[in-house]
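One letter stands for each residue in the lines below.
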Amino acid sequence: MNEFRINDDQVRRFREDGYFLAANLFDAEEINLLGALARAEHQQGQQAADRRDGQGGAIKLTVANELDDDIYSAFVRCRRIVDAMERLLEGEVYHYHHKMILKEPRTGGAWEWHQDYGYWYNNACLFPHLASCMIAVDRATKENGCLQVLKGSHHLGRIDHIKVGDQTGADMERVNVALDRLELVHCELEPGSAIFFHCNLLHCSAQNRSADPRWALICCYNAARNDPYKESRHPRYTHLEKWPDSRIKEIGQRDAALL
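Quick notes on the rules
Per chain, residue numbering runs from 1 following the sequence as it is written. The predicted nature of this model means local features are confined to residues of pLDDT at least 70 and side-chain atom pairs, given and counted, to a pLDDT of 80 or more, with totals for whole chains, interfaces and linings taken over all residues. With hydrogens and water set aside, each side-chain value is computed from the structure's full complement of heavy atoms. Angles run from 0 to 180 degrees between N-to-C directions of axes, and those axes are lines fitted to C-alpha atoms, restricted for helices to the stretch in contact. A run of H or I in DSSP becomes a helix once it reaches four residues, and a run of E becomes a strand once it reaches two; helices and strands are each numbered from the N terminus. We call two directions roughly parallel when the angle between them is under 35 degrees, roughly antiparallel when it is over 145, roughly perpendicular when it lies between 65 and 115, and oblique otherwise. Handedness of each helix crossing follows the sense of rotation of the near helix against the far helix: counterclockwise by less than a right angle gives left-handed, clockwise gives right-handed. Residue contacts are defined here by distance: any two heavy atoms, one from each residue, within 4.5 Å place the two residues in contact. For each residue, the accessible area found with a 1.4 Å probe, counting protein chains only, is set against the maximum for its type, and the residue is called buried under 20%, exposed over 50%, and partly exposed in between. By definition, two strands form a pair when at least two bridges between them are found by DSSP.

(A) Spatial organisation of the packing of helix α2 (residues 28-43) against helix α7 (residues 247-256). It is the contact of α2 with α7, at a shortest axis distance of 10 Å, that shows an interaxial angle of 40°. The orientation of α2 with respect to α7, classified from their angle, is oblique. Crossing handedness for the pair α2 and α7: left-handed. Between α2 and α7, the contacting residues are E29, E30, L33 and L37 on the first element and I248, K249, G252, Q253, D255 and A256 on the second.

Now the structure itself:
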């Protein structure tokens, strides 16, 4: 089992760059169990939403606001992520939501340039005290549409967002200037590796034109002190019970035996 504990350099990079990569955050068995269970659910008819991009493609995703006795919740609750998030956001955090991104071979759509806080601001989160951890289920490459980020762009503050296809994208006038001034990074990841990123970091991903899928689990957290001031599409504060990291394999093995 991976004994990851966030270090001072990773905290510094999150503050300065808006993100950091955590190689091999989860081991092969953990990520294989996640992939097998997620794909089994999808094959058994689990409904995934489509989000059309502005280029004629569409990306599939499933979003959950609630936690259950399942492998997704074991990832969301694991100390490996939650303890890191509490250090990054400087205090108690709670589960805001989690989602599976299902970017299929040759058909997976793009995510337009955006900031997560570009959406979450409208969900009554007063401060940008939110962050996400995206975990690669499949290998993420330039060819299959890996995450792209603009290094340090979280320092720009929240940018206005407008509708692009079925998605909401950042004002491209500002994004294009930021592209001229900031470093563009393609976040290629091996299965089990992850990226922790600030809610104001500008990011996007290209369409998947390769023969390889790119599935990923994204766990999103809000600071407890940033409890939304009214109800919205994602939950207000509730205490997040942390689970031992070992629960991922325990639950994964239990549920995989039922496939």
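(B) Quick peek at α7. Considered for burial, the residues of α7 that qualify are I248, K249, I251, G252 and D255. Elements that come into contact with the buried residues of α7 comprise α2 and α3 (71-77).

(C) Layout of the sheet that holds strand β10 (residues 184-187). Read across the open sheet, the 4 strands follow the order β5-β12-β7-β10; overall the sheet is antiparallel. Only two strands of the sheet have a single neighbouring strand rather than two, namely β5 (111-114) and β10. Taken pair by pair, the neighbouring strands of this sheet meet at an average axis angle of 25°, ignoring direction. Strand direction decides the pairing type here: strand β7 (residues 147-150) and β10, joined by 4 bridges, are antiparallel. Bridging from a neighbouring strand, L150 pairs with L184 of β10.

Distances and angles like these do not, on their own, reveal function.
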